[in-house]
Amino acid sequence: MNEKQRLESQQINQKSSADVKSDANDNLDRLKNMSSDELISRYFQTTYEPPNMRKAKKRLKKDVDIHYDFDIPLEMRAIGKGKKFLIRTYGCQMNEHDTEVMAGILTQMGYTPTEDTNDADIILLNTCAIRENAENKVFGELGHLKPLKLENPDLILGVCGCMSQEESVVNRILKKHPFVDLIFGTHNIHRLPQLINEAMFGKEMVVEVWSKEGDIIENLPKQRKGKIKAWVNIMYGCDKFCTYCIVPYTRGKERSRMPEDIIQEVRHLAAQGYKEITLLGQNVNAYGKDLEFEYGLGDLMEEISKIDIPRVRFTTSHPRDFDDRLIEVLAKGGNLLDHIHLPVQSGSSDILRVMARRYTRESYLELVRKIREAMPNATLTTDIIVGFPNETDEQFEETMTLVEEVGFESAYTFIYSPREGTPSARWEDNIPMEVKKERLQRLNALVNKQSAEAMKKYQGETVKVLVEGESKKDPDVLSGYTERNKLVNFKGPKSVIGEIVEVKITNTKTWTLDGEMVESAVEVK
Ligand code: SAH
Ligand code: SF4
Ligand code: F3S
């Protein structure tokens, strides 16, 4: 860590290293007996400046630093020998992928994974802050883990991910869950070795949350979850500041990885035999806007389409930045799949305006028209929020008609949840819960109906399925996804796991398809 990073660090406690574990027991006892105020004054020294929403919003036009020099200090490479780690992941694909990075770092430190909390020497909760219920799950889990920690003071219990970037969450953990050993933010993942070292040998809770715009750290190790599909970050952060959303504050500003770094990663994955990659970003259509040269997602996708990997997906698209160049490149097909997840959030232009989505119902529909013109078979899916402050019945009906008009084949639907520090949290959350629930139910019924109808069209068709493994319900059945992301269950030999095979659809359900493998047509690519 250089001096600049050191100054940026908002670490609460710099720990001396030497004291060992027997102290941990005493420490825990002392913590248990402390009042909340004592705890706060103990941890919040004057050097600590908690993450600040107002500051986060003032994006500086500073260049992003890209670091290619990640390394685990020699003395920390064996710290985990004979020890086990468990990471619980909440939230979006970004978090799933961050977990793969943390697993990679821990593996390089000698740790091995476990699924059993009783077996783990380190447990990390990689958290999500997007809605209140996401946060409640984590606090619930902390409650479950408390007895384990009290029984085994050597266990390192850490909280990371988006919730750690919130001031109120850090305060709540300090006050109510003092048995937590470690809190670190989304910008501090590469510091995991040092943080574990401090948590192991120090006496105090280690808190390191950099409230910053974010750099790019390349060359982080990754322990990917499977050998068939892989996530690839193309950018980090979000600058859209939709009025309801916490992500721009928890993930920093939009910053794109260099095209060559992404292409090298994809080539490497192709060489390792991966069959599908998903390019990741909160707003992938803004890819390249912060680069010093003219280069966008369309250009990147065109390069990636030349790489010998059978399937390329991308998520999440923001309608505002979805440009003609990208449509032109996607229309060429090849390994670029025509399933587009295009969150609309609402069908009412007035609600969209107060959400600060920067498009209207009309411009969204115009974008859909252009996409369909270029890719007549494209599958469109979306995200929708119901019960936004002041949403009238009429405005909700506009969402319903938009869902029908576009013909979304599936949708993630959410009840609005005010997030502290975001602009909309200052507005009265004035739609009663019964109304929100009723709107959600009606919307879900419509989405289910459209999904079932879209599925019916596959009856008797032959589709290409990337076989991921045995079905969760029946080990004799294999399952995988079509190019348009439909889950297919079928009987077939285990030897086709990891391959793309042709399956004839014999039965359709609301969310899944059943079929029979077309024996002769195992496609290697
Ligand atoms: N970057 C993506 C979405 C990331 S969050 C995009 O812009 O589309 C995933 C989804 O969670 C959002 O699309 C939105 O539908 C939902 N969401 C975000 N904040 C929310 C809130 N405060 N209450 C309810 N749903 C929310
Ligand atoms: Fe949140 Fe909007 Fe950014 Fe999506 S685009 S992450 S909804 S602020
Ligand atoms: Fe949740 Fe953070 Fe993703 S808030 S949705 S984990 S970016």
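Residues numbered from 1 in each chain as written. Chains lettered and ligands numbered in written order. Predicted model: local features only at pLDDT ≥ 70, side-chain atom pairs only at ≥ 80, totals over all residues. Heavy atoms only, no water.

(A) How the structure looks around the environment of F388. Tracing the sequence through the fold places F388 in the loop between β15 (379–386) and α15 (393–406). Given the relative accessible area of 1%, F388 is considered buried. Considered as a pair, F388 and I431 are 43 residues apart in the sequence and their alpha carbons are 7.4 Å apart. Ignoring sequence-local partners within four residues, the contact set of F388 consists of T243, Y244, I351, V354, M355, Y416, S424, W427 and I431. (Helix = DSSP H or I, 4+ residues; strand = E, 2+ residues; numbered from the N terminus. Buried < 20%, exposed > 50% of the residue type's maximum accessible area, 1.4 Å probe, protein only. Contact = heavy atoms within 4.5 Å.)

(B) Highlighting helix α6 (residues 132–151). For α6, built from 20 residues, the straight-helix expectation of 28 Å at 1.5 Å per residue is met to within 8% by its first-to-last C-alpha distance of 30 Å. Maximal helix bending in α6 amounts to about 35°, located at L145; proline P147 follows within four positions. For α6, the complete set of buried residues consists of A134, E135, V138, F139, E141, L142, L145, L148 and K149. (Expected span 1.5 Å × (residues − 1). Bend = angle between axes of the 7 residues up to and from the residue.)

(C) Quick look at the sheet that holds strand β4 (residues 122–127). Taken in spatial order, the six strands of this open sheet run β3-β2-β4-β5-β6-β7, and their pairing is parallel. Edge positions in the sheet fall to β3 (112–113) and β7 (206–208), since each has one partner strand and no second. Here strand β2 (residues 84–89) pairs with β3 via two bridges, running parallel. If you follow F85 over to β3, its bridge partner there is P113. Its contacts with the sheet put helix α8 (residues 192–201) on β4, β5 (156–161), β6 (182–184) and β7, and the angle it makes with β7 is roughly 155°. (Pairing = 2+ DSSP bridges. Axes fitted to C-alpha atoms, helices over the stretch in contact; angles between N-to-C directions.)

(D) Summary view of the site of ligand 1. Y244, Q282, Q345, D383 and S417 are the nearest of the 15 residues found near ligand 1. Between an oxygen atom of ligand 1 and a side-chain N or O atom of Q345, the distance comes to 2.7 Å. Within the side chain of D383, an N or O atom sits 2.7 Å from an oxygen atom of ligand 1. Surface burial for ligand 1 is 90%, taken as the share of its 540 Å² of free accessible area covered by protein chains. Only β15 and β16 (410–415) provide two or more residues apiece to the shell around ligand 1. Tallied by class, residues from the shell around ligand 1 come to seven nonpolar, four polar and four charged. (Near = heavy atom within 4 Å. Polar contact = N/O pair within 3.5 Å; in protein donor to acceptor, adjacent residues only side chain to side chain. Areas by Shrake-Rupley, 256 points an atom, 1.4 Å probe, with all protein chains shown as cover. Nonpolar A, V, L, I, M, F, W, Y, C, P; charged D, E, K, R; others polar.)

(E) Seen up close, the side chain of R255. Positionally, R255 belongs in strand β11 (residues 255–256). Although R255 is buried, it makes no salt bridge; D215 carries the closest opposite charge, 6.2 Å away. Within the structure, the side chain of R255 is placed 3.0 Å from the backbone oxygen of R251, a separation counted as a polar contact. A polar contact is formed between the side chain of R255 and the backbone oxygen of K253, at a distance of 2.7 Å. Ignoring any residue separated from it by four or fewer positions in sequence, one finds R255 in contact with V64, H187, E213, G214, D215, I216, M235, Y236, G237 and D290. (Lys, Arg positive; Asp, Glu negative; His and termini not counted. Salt bridge = Lys/Arg side-chain N within 4 Å of Asp/Glu carboxyl O.)

(F) How the structure looks around helix α12 (residues 324–331). Along α12, the residues classified as buried are L326, I327, V329 and L330. An end-on view of α12 places all buried positions within 165° of arc, on one side of the element. If you follow the buried residues of α12, they end up packed against α11 (297–305), β13 (311–315), β14 (339–341) and α14 (361–374). G333, located one to two residues past α12, shows a positive phi value of around 70°. (Arc of directions from axis to C-beta.)

(G) Up close: the confidence of the model for the protein. Considering every residue of the protein, the mean pLDDT works out to 89; 87% of them sit at 70 or more. Contacts from residues 1–25, a stretch scored under 50 in pLDDT, to residues over four places away or in other chains number 51 contacts. Under a pLDDT of 50 for its full length, residues 39–48 has, in the predicted model, 30 contacts with residues more than four places off or in other chains. (pLDDT = per-residue confidence, 0-100.)

(H) Structural view of the packing of aromatic side chains. Counted by the stated rule, this structure contains eight aromatic pairs. Both rings, one in F388 and one in Y416, keep their centres 5.1 Å apart while their planes meet at 70°; by these two values the pair is edge-to-face. Of this pair, F388 sits in the loop between β15 and α15 while Y416 is found in the loop between β16 and α16 (433–456), placing the two residues 28 residues apart along the sequence. The interplanar angle of 80° and the centroid separation of 6.1 Å between the aromatic rings of F388 and W427 together place this pair among those described as edge-to-face. Of the two residues, F388 is situated in the loop between β15 and α15 and W427 in the loop between β16 and α16; the sequence distance between them amounts to 39 residues. (Phe/Tyr/Trp six-rings, centres within 6.5 Å; stacked < 30°, edge-to-face > 60°.)

(I) Spotlight on the nonpolar core. Among the nonpolar cores identified, the biggest contains 67 residues, and I277, M301, F314 and F322 are the most heavily contacted of them. Sequence-distant contacts of M301, that is, excluding residues within four places in its chain, are made with L279, V312, F314, L326, V329, L330 and L336. Membership of the second largest hydrophobic core comes to 31 residues, among which are I183, M205, I246 and Y249. (Core = buried A, V, L, I, M, F, W, Y, C linked by side-chain atoms within 4.5 Å.)

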